[in-house]
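Listed below are the residues making up each chain.
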Amino acid sequence: MKADRLLSAMLLLQAHGRMSGRELAERLEVSTRTVHRDMESLSASGVPVFALRGAQGGWQLDEGWRTQVPAMDEVELQALLMAQPRVIGDTRLAAAAERALGKLMAAMPGTMREHAASIRQRLYVDTMAWRGTGENLAMLPVVQEAVARDRKLRIQYEKPRAERSVRVVDPLGLVAKGSAWYLVAQTSRGLRTFRVSRIESAVMLDKPCKRPPHFDLAEHWRESTEKFREGWQKIEVTLRLDAKTAASMKRWITMEVIERSDGWETARIRFDHPDEAAFVVLGMGKGTEVLEPESLRKRVAEEILAMAERVKK
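Notes on the structure follow. Being a predicted model, the structure only gives us computed values, none of them experimental. (Residues numbered from 1 in each chain as written. Predicted model: local features only at pLDDT ≥ 70, side-chain atom pairs only at ≥ 80, totals over all residues. Heavy atoms only, no water.)

## Considering the pairing of strand β2 (residues 49–52)
Condition: The criterion for strand pairing is that DSSP finds at least two bridges linking the strands in question. Helix and strand definitions follow DSSP, with helices as H or I runs of at least four residues and strands as E runs of at least two, each counted in order from the N terminus.
Pairing of β2 with strand β3 (residues 58–61) involves 4 bridges; the strand directions are antiparallel. Along β3, the bridge assignment pairs Ala 51 with Trp 59. Between β2 and β3, which pair antiparallel in sequence order, lie 5 residues; one of them, Gly 54, sits at a positive phi of approximately 95°.

Written out as structure tokens, the structure is:
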């Protein structure tokens, strides 16, 4: 929209002091002719913008004029800037958040703006995992809009190890947990949680959603995560670990060492699920021996034999 573009142009000039028509055109993604018309529109609306001629020319605001931003102390400023737009994950939403943050910074007094720029230069958020994997958040903008506008959503959803399903839901809120986003929605079967990265398609319908009275998203999330954890098949295992494996595992897992002997450690470790325990033990290789429980010993032995058979083939 032109009004948004005019505001962006004004705040860009306020932030940078002087900009050429080409620079403005690149930042606003328009032609230099459109930039010229926008400058005329700003001037006609009372914004003191004027053209500078010559090789160093361009456009500039009157030095004594600026938009205003509510005063913030240093702690508030740092907290705001530490919440980098990249944390959002979705590139389109991150770009929108970046523009909004840029507008806010442009409206800051000069010393605060310089301090804000310095803070941002000292923080970078990389949302991509080490192995190049990340959440697919292509549907996040549609879901976010439906949540904001209280409109029903038709989604195609894929559960882990299950067939796809198409359903119409009432979106109630979004939750960010780590790098993952979750949609909390009302369905025909009650409140459900959907991982946004598993939503393959989403269409916002022109129908208002039905929101439960007094619904508290934060409280619902706390209660649902507690119930989810209670449903885990927790398991306590006793492992015998060589010194190298023990040192490595201590960096990322909590263990209770109950014995040390001949360069080996015996430790108790609690896992949230037998699958997790088997995954860790098999991944650590020959430096790990399962002492208890017998069910895990048997499972690990079977997995090793199956892998050996595949290697022989």
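## Points about helix α3 (residues 32–44)
Structurally, the α-helix is built with 3.6 residues per turn, so residues lying three or four positions apart point the same way. Inclusion rule: One less than the residue count of a helix, multiplied by 1.5 Å, gives the span that helix is expected to have. When a residue's accessible area, from a 1.4 Å probe over protein chains only, is under 20% of the maximum for its type it is buried; when over 50% it is exposed; and in between it is partly exposed. Note that the arc is computed from the directions linking the helix axis to the C-beta atoms.
End to end, α3 covers 19 Å across 13 residues, agreeing with the expected 18 Å (1.5 Å per residue, within 8%). Residues Thr 34, Val 35, Asp 38, Met 39 and Leu 42 constitute the buried set of α3. For α3, the arc enclosing every buried residue in end-on projection is 140°, short of the 170-degree limit, so these residues lie on one face. Away from its buried face by more than 90 degrees, α3 exposes Arg 33 and Ala 44. Positioned one or two residues after α3, Gly 46 has a phi angle of 100°, which is positive.

## Brief notes about the pattern of salt bridges
Put simply, the rule reads: For salt bridges, the criterion is a side-chain nitrogen of Lys or Arg within 4 Å of an Asp or Glu carboxyl oxygen.
Tallying each qualifying case throughout the model produces 12 salt bridges. Linking Glu 256 and Arg 268 is a salt bridge whose minimum nitrogen-to-oxygen distance equals 3.6 Å. On the criterion of sequence distance, the pair formed by Glu 256 in strand β10 (residues 256–261) and Arg 268 in strand β11 (residues 264–271) is long-range, its members being 12 residues apart. Accessibility expressed as a relative area gives 31% for Arg 268, which makes it partly exposed. A salt bridge links Asp 275 to Arg 299, with the nearest nitrogen and oxygen atoms 2.9 Å apart. Placement of Asp 275 in helix α10 (residues 274–284) and of Arg 299 in helix α11 (residues 294–312) is noted, with a sequence separation of 24 residues between them.

## Digging into a negative patch on the surface
Threshold: Surface patches are defined over residues having more than 30% relative accessible area and no salt bridge, joining like charges when they lie within 9 Å and nonpolar side chains (Val, Leu, Ile, Met, Phe, Trp, Tyr) when within 5 Å. Shrake-Rupley sampling with a 1.4 Å probe provides the accessible areas, and residues are treated as covered by the protein chains on show and by no other component. Positive charges come from Lys and Arg, negative ones from Asp and Glu, while His and the chain ends are left out of the count. In plain terms, the charge of a residue is placed at NZ if it is Lys, CZ if Arg, CG if Asp and CD if Glu.
Together, Asp 216, Glu 223, Glu 226 and Glu 230 give the surface a local cluster of negative charge. Following the sequence through the fold, Glu 230 ends up in helix α8 (residues 217–230). Under the relative-accessibility criterion, Glu 230 is labelled exposed at 63%.

## Here's the deal with the environment of Ala 15
Secondary-structure assignment places Ala 15 in helix α1 (residues 2–16). Ala 15 sits in the partly exposed class, given a relative accessible area of 29%. Between the alpha carbons of Ala 15 and Arg 113 there is a distance of 8.1 Å; along the sequence they are 98 residues apart.

On their own, these measurements won't tell you what the molecule is for.
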